[in-house]
Amino acid sequence: MQDLIAAKFDPPMWMGDQIRRDALLGRLQGVLRHRLTLVHAPAGYGKTSLLSQWRDSIDAGTAHIVWLTLDRDDRDLKRFVKYLLLALRQDRGDGEARGAPSDIPPRAALSAIVNELGDAAVPVVLILDDLHHAFSEPVGQFLESLVRLAPPDCHFLFSSRDYPWVGQSILAAEEQLLEIGPADLRFSAQETECLLTRTDRPLETLDIDTLLDRTEGWPIAVQLASLSIKRGMGAERVIDEYCGTSSDLARYLSEQVLMTL
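### Focus: the nonpolar core
Link 1 in the chain: Among the nonpolar cores identified, the biggest contains 39 residues, and Phe80, Leu128, Leu146 and Phe158 are the most heavily contacted of them.
Link 2 in the chain: When residues of this core are traced back to their parent elements, those giving at least two are strand 1 (36-40), strand 2 (64-69), helix 3 (77-88), helix 4 (106-118), strand 3 (124-129), helix 5 (131-134), helix 6 (137-149) and strand 4 (154-160).
Link 3 in the chain: Looking at which element gives the most residues to this core, the answer is helix 3, with 9 residues.
Link 4 in the chain: If sequence neighbours within four positions are ignored, Phe80 has contacts with Leu70, Asp74, Leu128, Ala134, Val139, Phe142 and Leu143.
Link 5 in the chain: Counting 23 residues, the second largest nonpolar core, distinct from the first, contains Leu28, Tyr45, Ile127 and Leu185.

### Observations regarding the packing of aromatic side chains
Link 1 in the chain: Evaluated as defined, the whole model comprises 4 aromatic pairs.
Link 2 in the chain: Here Phe80 and Phe142 contribute two aromatic rings whose centre-to-centre distance is 6.3 Å and whose plane-to-plane angle is 85°, an arrangement assigned as edge-to-face. Here the residue Phe80 occupies a position in helix 3, and Phe142 occupies one in helix 6, the gap between them amounting to 62 residues.
Link 3 in the chain: For Phe80, a relative accessible area of 0% translates into the label buried.
Link 4 in the chain: Of note, Lys8 hangs over the ring of Tyr83, and the distance from its end group to the ring centre comes to 4.6 Å.

### Looking at the pattern of salt bridges
Pairing is possible between side chains that carry opposite charge, provided their charged atoms lie close to one another.
Link 1 in the chain: Within the structure shown, the criterion is met by 9 salt bridges.
Link 2 in the chain: Between Asp71 and Lys8 there is a salt bridge, and its shortest N-O distance comes to 3.1 Å. In this pair, Asp71 is assigned in the loop between strand 2 and helix 3 and Lys8 in the segment before helix 1 (22-28), connecting sequence segments 63 residues apart.
Link 3 in the chain: A relative accessible area of 23% places Asp71 in the partly exposed class.

### So, the side chain of Gln53
Link 1 in the chain: Residue placement: Gln53 occurs in helix 2 (residues 47-57).
Link 2 in the chain: Leaving out residues up to four positions away in the same chain, Gln53 has contacts with Gln18, Ile19, Arg20, Arg21 and Leu25.

### Focus: unusual backbone geometry
Link 1 in the chain: For Asp130, which is not glycine, the phi dihedral falls at a positive 60°.
Link 2 in the chain: Within the secondary structure, Asp130 sits in the loop between strand 3 and helix 5.
Link 3 in the chain: Look at Asp130 and you get buried, because its relative accessible area is 19%.
Link 4 in the chain: A positive phi is found at Glu175, a non-glycine position, where the angle reads about 60°.
Link 5 in the chain: Its place among the elements puts Glu175 in the loop between helix 7 (168-173) and strand 5 (177-180).
Link 6 in the chain: Accessibility expressed as a relative area gives 65% for Glu175, which makes it exposed.

Definitions and cut-offs
Residues numbered from 1 in each chain as written. Predicted model: local features only at pLDDT ≥ 70, side-chain atom pairs only at ≥ 80, totals over all residues. Heavy atoms only, no water. Core = buried A, V, L, I, M, F, W, Y, C linked by side-chain atoms within 4.5 Å. Buried < 20%, exposed > 50% of the residue type's maximum accessible area, 1.4 Å probe, protein only. Helix = DSSP H or I, 4+ residues; strand = E, 2+ residues; numbered from the N terminus. Contact = heavy atoms within 4.5 Å. Phe/Tyr/Trp six-rings, centres within 6.5 Å; stacked < 30°, edge-to-face > 60°. Lys NZ or Arg CZ within 6 Å of the ring centre and 35° of its normal. Salt bridge = Lys/Arg side-chain N within 4 Å of Asp/Glu carboxyl O.

Listed below in structure tokens is the structure:
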């Protein structure tokens, strides 16, 4: 693939000041005990950050973590399966990673991917980040088949703004489905305080509680409030404007939410 984007095989490097989400990381320890884990919430809930933290916490001898960040171009099933094969063939320790055929049919790609997963010496976790960008009926059907046919020691961790349907009903009935949703991803009072105390002008406990209540724990809103404080805005004004300067929030909503509708 001449248009290969190698950066898709690792978490983004642009993520800024992060809060370590220990409670959620503890829940994600169940990934290796479940066939499928879904992390789903709208924009700004810290899904990618959480997955990146969990990936970094896993020892290489415990599991082989495969990461793939998806975008709109990956709605094409042939492109999608090529990237999946390439992601699985990264860092295999046998010299340069093998490529993927440019015109492999999806059914043949499914067999190749299942075989790749079966060759692993340790359990494999396939992380698909931003699945909402690439999700389509053909992609969903392909993933449903992959989840069903992959070896027992393969686990899937999907992150999406929308709720993806990949045949998880039977997995839920078999207690093989782990879900983390918006209510779980909201900042707790402790996480909010931890972020806001990093500023030069830390807020009082009452102000933190008020801000948490007004933002409903939406992580991006709390982060924008922290940014506003770092820029010198007073606590009272930050709280009055809900979560930082209105231009910051408006820009985020425009780029990350409205332009995707």
